[in-house]
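Coordinate analysis (summary)
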Amino acid sequence: MPKPDNGKAGHLRSGTVEPNMTPNGYIRRWWKEAVVYQIYPRSFYDSNGDGIGDLRGLLDKLPHILDLGVDVIWLSPHFDSPNRDNGYDIRDYRKVGADYGTMADFDALMTAVKAAGKRLIIDLVVNHTSCEHSWFVESRTDAKSALRDYYIWHKGDTPPNDWTSIFGGSAWTRDEVTKDWYLHLFDSSQPDLNWDNLAVRDEVYDLMRFWLDKGIDGFRMDVISFISKDKTFPNLAAALRSRPQYAYTQGPHLHQYLQEMHKDVLSHYDITTVGEAFGVTLEDTALLIDERRCELDMIFQFEAVEVDRDQNGRWKPWTLPELKAIFTRQDKALDQHCWPTVFLSNHDNPRIVSRFGNDSETWRIKSAQVLACLILTLKGTPFLYQGDEFGLTNLTFSDIDQTNDVWTRNAWRDEVLTGKISATAFFANQDRLSRDHARAPIPWTAEGGFTTGTPWFALNPKFSSINAQSSEAVCLWYKDLIALRHRCDALIYGDYCDLCPDHPHVFAYTRTLKDEAFLILLNFSEQVQILSPLVPEGAMTLELTNYKDRSHVDNLWKLRGWEACIYRL
Ligand code: TEU
Ligand code: CA
């Protein structure tokens with residue numbers, strides 16, 4: 001087992017030894033040194049032939065995850081849910097969803113993960129519940145119930161303001177029973193909890209303790225940045241109408257509630273937390289993760305995964321200098337009291353190789369390797385998403401029945417069925433950024449290999465050529481990168497320096513910690529790129545390359561198509 005790491009900066013119990021610091025001022029923590037692998041259980045592996053991925057399936061495939069060498073598994077929601085938003089709409093926080101198995105399966109999984117010396121974190125989805133949660137069922141039917149105030153209700157003929165749901169339409173729905181309006185920042189089946197009610201916060205803290213006491217190692221907190229609401233309910237500022245998430249993070253008590261959660265719950269366990277900070281600007285990031293504030297350990301900052309979105313959230317072309325500028329901005333915005341995360345994909349985003357790489361037959365493997373190298377050598381805890389280690393690619397859509405995502409389906413209803421945009425334009429956009437790309441089941445073999453039954457969602461039709469077995473080269477590369485990162489402090493804590501921010505096709509940077517330094521060279525194009533020397537050519541050793549025949553120092557500044565290499569300086 002990794003050594004427990006108690007005490008947080010600013011929260012050290014008396015008698016604890018001085019924290020172990022890196023030469024550049026970071027306090028060493030296990031979660032800063034970890035590589036995290038995200039599982040979307042519905043689509044990972046089906047063990048019983050009902051077409052739905054499950055916990056036993058995850059257990060069956062655990063050897064694959066262990067073999068990669070990752071340290072932490074983040075399990076997307078595995079709770080009881082009507083699955084309108086695939087588990088991000090929870091009906092019972094203490095029950096395993098029947099599709100996924102039983103609590104005994106969960107316990108078996110956790111035991112196996114721990115026995116292997118690894119950690120398990122789970123999703124905490126407490127901005128909202130499912131409308132089928134017993135709290136909401138009672139809240140909506142009985143205006144006198146103590147549970148009425150668990151949600152956010154408004155009396156009147158009209159909603160109190162013009163807030164819109166992230167998934168389309170108004171954020172207010174008039175309920176049939178009492179004719180009052182309830183708030184839902186996501187789908188109408190996901191009513192928002194009223195965090196200003198102490199009873200709600202206590203319920204949340206209790207359910208957190210329920211899972212922590214079982215032995216989980218932390219939480220990924222779903223849209224935690226939205227939990228506090230401005231109850232004066234101002235209308236959206238004009239500039240935020242198309243991106244209301246930047247308004248919803250401005251609730252007056254967000255930090256107060258997170259500090260309370262930290263004090264009452266988190267500080268009592270050796271765990272980690274990563275908050276999904278949707279709508280949080282870089283300027284506000286430190287408020288959530290500065291370790292002296294005792295809120296969260298890490299957050300997901302959205303700038304990089306929004307590099308190809310316009311102001312209305314539609315697809316736009318991106319450039320490599322824009323992406324590089326985001327990583328540099330992020331690095332400069334956070335000092336040694338804050339620790340970043342690195343991610344380019346998850347269950348809400350397209351496949352990285354189709355989005356940032358080149359998913360053609362010629363370049364798929366190499367470009368998947370370049371992206372892996374980037375994610376695993378930047379500063380911050382890397383979060384990998386299932387299937388990226390096989391270089392899985394996007395889907396194409398031509399029929400709404402090929403989609404599952406509630407967001408996509410709402411947009412179809414609101415935009416296409418009302419004639420606002422054409423079906424062709426709609427699918428062109430979905431082909432770029434649908435959340436379903438990443439949610440297609442994993443093709444484990446050329447036969448599919450995800451289920452013996454009918455999969456709940458169609459596999460990518462390319463599965464006979466693009467699958468786990470055909471893409472072993474990507475997988476082995478991930479394994480090598482993870483092992484190298486684990487061995488080298490500079491790749492974890494080292495200072496980051498972008499060597500050619502304006503180069504349109506090459507991403508080149510150093511990671512330096514005291515006398516250990518690495519040079520990372522990544523070609524983001526299929527053309528050969530010749531660089532002028534970026535660092536003095538002293539003694540250097542090639543640590544890793546995705547072209548076996550790379551001739552060491554001779555051709556140091558020449559990169560072939562989608563070539564990646566790491567030199568030790
Ligand atoms: O995501 C928040 C969210 O709104 C994202 O879907 C975001 O819109 C998208 O990433 C933009 O690219 C979280 C979960 O990750 C998501 O799966 C849920 O649907 C959502 O919250 C509601 O719980
Ligand atoms: Ca199953």
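Here is a short report on the structure shown in this document.

The rules behind each value
- Residues numbered from 1 in each chain as written.
- Chains lettered and ligands numbered in written order.
- Predicted model: local features only at pLDDT ≥ 70, side-chain atom pairs only at ≥ 80, totals over all residues.
- Heavy atoms only, no water.
- Helix = DSSP H or I, 4+ residues; strand = E, 2+ residues; numbered from the N terminus.
- Rg over C-alpha atoms; globule rule 2.2 N^0.38 Å.
- Buried < 20%, exposed > 50% of the residue type's maximum accessible area, 1.4 Å probe, protein only.
- Contact = heavy atoms within 4.5 Å.
- Areas by Shrake-Rupley, 256 points an atom, 1.4 Å probe, with all protein chains shown as cover.
- Lys, Arg positive; Asp, Glu negative; His and termini not counted.
- Charge placed at Lys NZ, Arg CZ, Asp CG, Glu CD.
- Expected span 1.5 Å × (residues − 1).
- Disulfide = S-S within 2.5 Å.
- Near = heavy atom within 4 Å.
- Polar contact = N/O pair within 3.5 Å; in protein donor to acceptor, adjacent residues only side chain to side chain.
- Nonpolar A, V, L, I, M, F, W, Y, C, P; charged D, E, K, R; others polar.
- Donors = N, O, S within 2.8 Å, 3.2 Å for Na, K, Ca; no water.
- Axes fitted to C-alpha atoms, helices over the stretch in contact; angles between N-to-C directions.
- Parallel < 35°, antiparallel > 145°, perpendicular 65-115°, else oblique.
- Left-handed = near helix turned anticlockwise from the far one by under 90°.
- Salt bridge = Lys/Arg side-chain N within 4 Å of Asp/Glu carboxyl O.
- Pairing = 2+ DSSP bridges.
- Arc of directions from axis to C-beta.

Within the protein chain, the regular secondary structure consists of 16 helices and 20 strands. For the protein chain, whose C-alpha radius of gyration is 23 Å, the value lies close to the compact-globule estimate of 25 Å for 569 residues. Dimensions along the principal axes, computed over C-alpha positions, put the protein chain at roughly 80 × 65 × 50 Å. Scored against the burial criterion, the 569 residues of the protein chain give a buried share of 60%. Looking at the protein chain alone, contacts between residues at least 24 apart form 69% of all its contacts between residues at least 6 apart. Just so you have it, the protein chain exposes about 21500 Å², and 51% of that area is on carbon and sulfur atoms. Mean positive and mean negative side-chain charge positions of the protein chain (61 and 80 charges, respectively) differ by 1 Å.

The subject of this paragraph is helix 12 (residues 364–377). Here helix 12 spans 20 Å end to end across 14 residues, near enough to the 20 Å set by a 1.5 Å rise per residue. Extensive coverage of helix 12 is indicated by the burial of 12 of its 14 residues. Among the residues of helix 12, R364, S367, A368, Q369, V370, L371, A372, C373, L374, I375, L376 and T377 are the ones counted as buried.

Quick look at the state of the cysteines now. All told, the structure shown has 0 disulfides when counted by the stated rule. Summary of cysteine pairing: C373 is not part of a disulfide, and the nearest cysteine sulfur, belonging to C565, is at 8.0 Å. When its relative accessible area of 0% is taken as the criterion, C373 is described as buried. The thiol of C497 is unpaired, and the distance to the nearest cysteine sulfur, on C500, comes to 10 Å. With a relative accessible area of 38%, C497 lands in the partly exposed category.

This part takes up the site of ligand 1. Near ligand 1 there are 18 residues, and of these D85, D222, E276, D348 and R435 occur at the shortest range. Measuring from an oxygen atom of ligand 1, one finds a side-chain N or O atom of D85 at 2.5 Å. Here H128 contributes a side-chain N or O atom positioned 3.0 Å from an oxygen atom of ligand 1. Surface burial for ligand 1 is 98%, taken as the share of its 490 Å² of free accessible area covered by protein chains. Classifying every residue of the shell around ligand 1 by side-chain character gives 8 nonpolar, 2 polar and 8 charged.

Around the calcium ion (ligand 2), the protein supplies D46 (OD), N48 (OD1), D50 (OD), I52 (O) and D54 (OD) as donor atoms, at distances of 2.2 to 2.3 Å. Judged by relative accessible area, which is 36%, D50 ranks as partly exposed. I52 sits in the buried class, given a relative accessible area of 11%.

Of note, R42 is situated in the loop between strand 1 (36–39) and helix 2 (55–60). In this structure R42 comes out as buried when scored by relative accessible area, which is 8%. Looking at R42, its side chain comes within polar contact range of the side chain of D99, at 3.3 Å. Excluding residues within four positions of it along the chain, R42 makes contact with I52, G53, N83, N86, D99, Y100, F450 and W456.

Next up on the list: the packing of helix 6 (residues 198–214) against helix 8 (residues 254–264). With their axes 11 Å apart at the nearest point, helix 6 and helix 8 run at an angle of 40° to one another. By the angle class used here, helix 6 and helix 8 are oblique. For the pair helix 6 and helix 8, the sense of crossing is right-handed. Contacts between helix 6 and helix 8 involve R201, Y205, M208 and R209 from the former and Y257, E260, M261 and D264 from the latter. Considered class by class, the residues forming the contact of helix 6 with helix 8 number 4 nonpolar, no polar and 4 charged.

Another point: unusual backbone geometry. For residues that are not glycine, phi is negative in most cases, and the peptide bond is trans in most cases. Its identity is not glycine, yet N86 carries a phi of approximately 45°, on the positive side. Within the fold, N86 resides in the loop between strand 3 (79–80) and strand 4 (92–96). Judged by its relative accessible area of 4%, N86 falls in the buried class. A positive phi angle, close to 45°, is found at W562, a residue other than glycine.

Further remarks concern the pattern of salt bridges. Following the criterion strictly, the structure yields 46 salt bridges and no others. Its salt-bridge partner being E260, residue R201 comes within 2.6 Å of it at the nearest N-O pair. Taken together, the residues R201 in helix 6 and E260 in helix 8 connect sequence positions 59 residues apart. For R201, a relative accessible area of 7% puts it in the buried group. R209 is paired through a salt bridge with D206; the nearest N and O atoms lie 2.9 Å apart.

Attention now moves to the sheet that holds strand 13 (residues 381–385). Pairing within the open sheet is parallel, and its 8 strands lie in the order 11-10-9-5-2-1-13-12. At either end of the open sheet lies a strand with only one pairing partner, and these are strand 11 (298–300) and strand 12 (341–342). The pairing of strand 10 (residues 272–276) with strand 11 spans 3 bridges and is parallel. Bridging from a neighbouring strand, E276 pairs with F300 of strand 11. Packed onto the sheet, helix 6 meets strand 5 (119–124) and strand 9 (218–221) and runs at close to 135° relative to strand 9.

Let's shift gears to helix 9 (residues 282–289). Along helix 9, the residues classified as buried are L282, T285, L288 and I289. With its buried residues spanning 85° around the axis, helix 9 presents them on a single face. Summarising the contacts, the buried residues of helix 9 are in contact with helix 8, strand 11 and helix 10 (320–333).

Any functional reading would require information beyond the geometric quantities listed.
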